[in-house]
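Here's the letter readout for the chains.
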Amino acid sequence: MNFLKNLFGAGGQSNKDAYYIYVKPKMCQEIVEVRINMKNDLSPTEDYSGYWVRKVASATRCPFQAEMTLYFDKSRKLLSREIENGEFVTQEAYMQFVGE
């Protein structure tokens, strides 16, 4: 498993082109890692003052999906985030969930 994480850069923000968030969909015990490609996934805001992205996270063992909207400034630093049908969790919680 560590080989795959090193190969693809998962599990942290070591890759500056990717941003990772960790989500627990409502009524699920599973925690999902969501990768945002900072070069390709972001769209400019209407007033061009920054960027935004909407992502949907689906757990493999749960029928519910969590929908996230994240807002970034012009430097692509996170300003705020919103979630529907789920909650944000820490990377540490995700690592415990996957057993590392």
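Residues numbered from 1 in each chain as written. Predicted model: local features only at pLDDT ≥ 70, side-chain atom pairs only at ≥ 80, totals over all residues. Heavy atoms only, no water.

Novice: Would you mind showing me how to read the packing of aromatic side chains here?
Specialist: Remark: the centre distance and the inter-plane angle together describe each pair of aromatic rings, the angle taken between the planes. By the definition in use, this model includes two aromatic pairs. Note on Tyr19 and Phe72: the rings are 5.8 Å apart at their centroids and 85 degrees apart in plane angle, and the pair reads as edge-to-face. Highlighted residues: Tyr19 in strand β1 (residues 18–25) and Phe72 in strand β5 (residues 65–73), separated in sequence by 53 residues. Neither residue differs from the other here; Tyr19 and Phe72 are each classed as buried. Its guanidinium or amino end placed over the ring of Tyr51, Arg76 lies 4.4 Å from that ring's centre, counting from NZ or CZ. (Phe/Tyr/Trp six-rings, centres within 6.5 Å; stacked < 30°, edge-to-face > 60°. Helix = DSSP H or I, 4+ residues; strand = E, 2+ residues; numbered from the N terminus. Buried < 20%, exposed > 50% of the residue type's maximum accessible area, 1.4 Å probe, protein only. Lys NZ or Arg CZ within 6 Å of the ring centre and 35° of its normal.)

Novice: When you look at the nonpolar core in this model, what are you seeing that I'm missing?
Specialist: In globular proteins that are soluble, nonpolar side chains generally tend to be buried together. Formed by 18 residues in total, the largest nonpolar core has its most connected members in Ile21, Val23, Ile36, Met68 and Leu70. Counting residues per element, this core draws most heavily on β5, at four residues. When sequence neighbours within four positions are dropped, the list of residues in contact with Val23 reads Glu30, Ile31, Val32, Val34, Ala57, Ala66, Met68, Ile83, Glu87, Phe88 and Val89. With six residues, the next largest nonpolar core counts Tyr20, Tyr22, Val89 and Tyr94 among its residues. (Core = buried A, V, L, I, M, F, W, Y, C linked by side-chain atoms within 4.5 Å. Contact = heavy atoms within 4.5 Å.)

Novice: How should the sheet that holds strand β6 (residues 78–84) be read in this particular structure?
Specialist: What links the strands of a sheet is backbone hydrogen bonding, and the strands pair in either a parallel or an antiparallel sense. Across the sheet, four strands lie side by side as β3-β4-β5-β6; this open sheet has antiparallel pairing. Pairing within the sheet leaves two strands with one partner each, and these edge strands are β3 (43–44) and β6. Of the pairings in the sheet, the one linking β3 to strand β4 (residues 50–58) comprises two bridges and is antiparallel in character. Bridge assignment links Ser43 to a residue of β4, and that residue is Trp52. (Pairing = 2+ DSSP bridges.)

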